[in-house]
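# Per-entry structural report
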Amino acid sequence: MNTMRIAWRNLWRNSRRTGITIVAMSLSTAVLIITYALMLGMMVQMEHSVTDVTVGQVQVHHRNYLKERSLYDTVDGWENILETARRDGIAAAPRAFGFGLLSSGNKSAGVQFWGVDPASEQQIGDMAKNLLKGTYLSGRPSMGVVLGRKLARTLHADVGTELVAVVQASDGSLGNELFHVRGILKSVGENLDRSVAIIDREDFASLFVLPDQYHEIALNSRGQLSPDEVAAKIRSSAGSNEVRTWRQILPGVSDMLNTSSGATMIFLVIFFLAAGLGVLNTLLMATYERIPEFGLLKAIGTSSWRILRDVSAEALVLGILSSILGGIIGTIVSLYFQYFPIDLSAFGEGFNTSGVVISAQWGALLTLRGIIWPIVIMWLVSVLAALYPAAKAARLDPVRALTHV
Amino acid sequence: MRQVCGIAFFLMAIATFVPTSVLPGSEPVSSADILNHVDDLFRGSSSHATMVMKVITAHYTREMKLVAWSKGKDYSLVRILEPLKEKGTSTLKAGNNIWNYLPKVKRVIKIPSSMMGGSWMGSHFTNDDLVKESRMADDYTHSITFEGTREGTEVIELTLIPKPEAAVVWGKVVATVRKSDWIPIKIDYYGEKLGLERSMTFSDIKTLGGRLAPATMQISPADKPGEYTLVTYDDIEFDIALKDSLFTLRTLQNPEAL
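Throughout, residues of each chain are indexed from 1 in the direction in which the sequence is written. To read the labels, note that chains go from A and ligands from 1, taken in the order they are written. Per-residue local features of the predicted model are confined to residues with pLDDT of at least 70, and side-chain atom pairs are confined, for both listing and counting, to 80 or more; whole-chain, interface and lining totals are unaffected and use all residues.

## Side note on the overall build of chain A
Put simply, the test is: Secondary structure counts use DSSP, requiring at least four H or I residues in a row for a helix and at least two E residues in a row for a strand, with both numbered from the N terminus. Only C-alpha atoms enter the radius of gyration; for comparison, a globular chain is expected to reach 2.2 Å times N to the power 0.38, where N is the number of residues. In this scheme every C-beta is placed from the backbone, and a residue whose C-beta has 20 or more other C-beta atoms within 10 Å is buried, one with 12 or fewer is exposed, and one in between is partly exposed. With C-beta atoms placed from the backbone, a contact is any residue pair whose C-beta atoms sit within 7 Å.
In terms of regular secondary structure, chain A is built from 15 helices and 14 strands. For chain A, whose C-alpha radius of gyration is 31 Å, the value lies well above the compact-globule estimate of 22 Å for 405 residues. In terms of its C-alpha atoms, chain A occupies a principal-axis envelope of roughly 105 × 45 × 30 Å. Counting only residues that meet the buried cut, chain A has 45% of its 405 residues in that class. Look at the contacts in chain A between residues 6 or more apart in sequence, and 81% of them connect residues 24 or more apart.

See below:
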């Protein structure tokens, strides 16, 4: 207790030096917290931009569906899977897929029809927010269709345009219906832009004569669970169906994300090193400056051990003060960026690939770990940086220490 | 799956006026004469036919009653009479183009070239099968590779290899006809790697439109065992008077107009 009081008094004997050190340490701590939060925010946001548009965290298909994309390979027992997922608080959306022809006047294009349940889709992802114009499907079968951007251009279609859909239905007949364009999607990846027409699941069922059957169940816990945890929960009720996480579905995007996460981690380590070295430098200089003082203490009979103890106590007090100050600054700034993301749209509109929309908004993500780690590192650095010169002084001959410059 | 000699003529009764000069029984037997006879079985300057098409697949079975008209080799029109749900659905072929009329939405759709390989009305025929046609004797080098008795019938087997410049997709075609009257029994189509891709078998030989011809044809894709499409002629007339206006988009859109 006595040691701490002496440390406290010692620190304020030279309040300017202490002030400078505290500012340097707390700013470094704050910068580390902010950087960590921003980097984490970027990594999490990249994963969410994959999972939260159309892909979802996990998808369930009939075990043969992805090989041949046959209209007949539908998910077995889809009601069961939907029920299990929703009981666990996981959003689940059933989707039916089929190929066919959309035609408007003398323009026509081969398309992939997506029969969706608009209400479930809105829980899965933000597709409905990615509209260039018009509105999303209403949720009632209404012969409305939402088109990919390039598909709309191919068909010369705009909101309200009448389109004829012609498909080979599941019973071999020539399924045909009239649709009206309700909305046109923003660019959300090449496949979606070029060839996808989204319709209500009941309109799909009558067009393809395929009632109550789905080719895909997309699942998304919206950040509550990891993709692997979602897959594990669903697997028990999936039967013979195939359950795959988005990383298995989009290995290319997964690799890209892993690479950029790796790069982000390297940047983070460099930042920590730079901040740590800055603090090390400040503390080293501050302690070196006091070597004559330690010589004096030794000359009047203070033990080396006592000097070491006092110096580390001072460093600890410095560390505590700076981490409180730095922690407060870092938390406030990180929270600010969490709620008011940095707008990068001046540098570009965002980035799209394979149904993945990387947003132009860069938000931070503050976690408890993101506050504790920078603080622990700062403490370690400050104690180490103070101990080295103090140990040196403690071992020096008092006379030489007194004249040390 | 395009360029199926024999399929188009059977389904659409492609009408081309070709005088059948050489008849079965004449000597010596030439493979070209046999092939011309097979090609011309269902040809006339025009035709009108009703038929039943039965499609068996792993996923569905369907049966349609069809009526078809043709004029020259470029024009034909097919309408579905049954089932009721699809009544009036029609296909017009003019040259290399195909249009479908869909009575449910009252619209005419031109089949884009990207969909020509797709199934025609859920059958094992593709849209291409309807428009592409060839004369076997002209597009292939051919020779008689077997003469004798098979399953109690005197047959002649011909093997056809496409000529280098011919626009056909098959690597080889093997046709078997009855020796007595050159009525086809079976035609096998092999792919470019010489694996069997599909077989046509003919049966139910009777007098149709004044000619002796098989009234039933079955087409079986080799890669889908158990699946086939069966076409049976109820009635066919050749060389009748048909107006050019029958083969227009206007008629196509008006199912009542015949």
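## Things to note about the overall build of chain B
The secondary structure content of chain B amounts to five helices and 13 strands. Looking at chain B as a whole, 40% of its 258 residues qualify as buried. For chain B, restricting intrachain contacts to residue pairs at least 6 apart in sequence, the fraction spanning at least 24 positions comes to 52%.

## Quick notes on the nonpolar core
What counts is decided by this rule: Core membership is restricted to buried Ala, Val, Leu, Ile, Met, Phe, Trp, Tyr and Cys residues, and these are joined into a nonpolar core through C-beta atoms within 7 Å.
L147, A197, I217, L219 and I234 of chain A are the most contacted members of the largest nonpolar core, which totals 127 residues. Broken down by element, the residue count for this core peaks at seven residues, all from strand β2 (residues 91-104) of chain A.

## What to know about helix α8 (residues 201-208) of chain A
All names here are of chain A. Selection criterion: By arc we mean the arc of the directions from the helix axis to the C-beta atoms, nothing more.
Where α8 is concerned, the buried positions are R201, D203, F204, L207 and F208. The buried side chains of α8 occupy one side of the element, clustering within an arc of 155° when seen end-on. Check the buried side of α8 and you find it contacts β2, β3 (107-116), β6 (162-168), β7 (174-185) and β8 (196-200). Remark: V209 follows α8 within two positions and exhibits a positive phi of approximately 50°.

## Things to note about the pairing of β8 of chain A
Residue and element names in this part refer to chain A. Heads up, the rule is: Paired strands, in this sense, are two strands between which DSSP finds at least two bridges.
Within β8, five of the five residues are buried, which leaves the element mostly enclosed by the surrounding structure. With five bridges connecting them, β3 and β8 associate as parallel partners. Counted as the bridge partner of Q112 is V196 from β8. Where strand β5 (residues 144-147) and β8 come together, three bridges link them in antiparallel fashion. Note that in β8 the partner of L147 across the bridge is A197.

## Let's talk about the packing of helix α2 (residues 15-55) of chain A against helix α13 (residues 304-339) of chain A
Residue and element names in this part refer to chain A. Selection criterion: The convention used is that axes are lines fitted to C-alpha atoms, helices contributing only their stretch in contact, and that angles between N-to-C directions extend from 0 to 180 degrees. In this scheme, a crossing is called left-handed if the near helix is turned counterclockwise away from the far one by less than a right angle; it is called right-handed if the turn is clockwise. In this classification, Asp, Glu, Lys and Arg are treated as charged, Ala, Val, Leu, Ile, Met, Phe, Trp, Tyr, Cys and Pro as nonpolar, and every other residue, Gly included, as polar.
Where α2 contacts α13, the two axes come as close as 7 Å, and the packing angle between them is 35°. Between α2 and α13 the crossing geometry is right-handed. Class assignment of the residues belonging to the contact of α2 with α13 gives a composition of 14 nonpolar, 11 polar and no charged.

## Side note on unusual backbone geometry
With omega at 5°, the peptide bond leading from E82 of chain B into P83 of chain B counts as cis. For P83 of chain B, the position within the fold is in the loop between β3 (75-82) and β4 (90-94). Although it is not a glycine, R69 of chain A adopts a positive phi angle of roughly 50°. By the element assignment, R69 of chain A lies in the loop between α3 (65-68) and α4 (78-87).

## Observations concerning the interface of chain B and chain A
Opposite the 22 residues of chain B that make contact, chain A presents 17 residues. Counting residues per element, the side of chain B that touches chain A draws most heavily on strand β6 (residues 107-110) of chain B, at three residues. Among the residues forming the side of chain B that touches chain A, the class breakdown is eight nonpolar, eight polar and six charged.

## Looking at helix α11 (residues 251-288) of chain A
Selection criterion: Expected helix span is computed as 1.5 Å times (number of residues minus one).
Compared with the 56 Å implied by 1.5 Å per residue over 38 residues, the 54 Å span of α11 of chain A between its first and last C-alpha is a close match. If you check which residues of α11 of chain A are buried, you get V253, F272, A275, G276, V279, T282, L283, A286 and T287 of chain A.

## Section: the environment of D193 of chain A
Residues and elements named next belong to chain A. Tracing the sequence through the fold places D193 in helix α7 (residues 190-195). Using a count of 20 C-beta atoms within 10 Å as the deciding quantity, one classes D193 as buried. Among residues more than four places away in sequence, those in contact with D193 are G148, R149, K150, S187 and V188.

## Description of the environment of R201 of chain A
Residues and elements named next belong to chain A. Relative to the helices and strands, R201 is located in helix α8. Classification of R201 by C-beta neighbours within 10 Å gives buried; the count is 24. Sequence separation of R201 and A96 is 105 residues, and the distance between their C-alpha atoms is 7.0 Å. Residues within four places of R201 in sequence aside, it is in contact with P94, A96, G115, V116 and D117.

## Focus: the confidence of the model for chain A
The condition is simple: For every residue, the predictor reports its confidence as pLDDT, a number between 0 and 100.
Looking at chain A as a whole, the pLDDT averages 83, with 96% of positions reaching at least 70. Looking at the elements of chain A, mean pLDDT is at its lowest for strand β12 (residues 351-353) of chain A, recorded as 58, and at its highest for β8 of chain A, recorded as 89.

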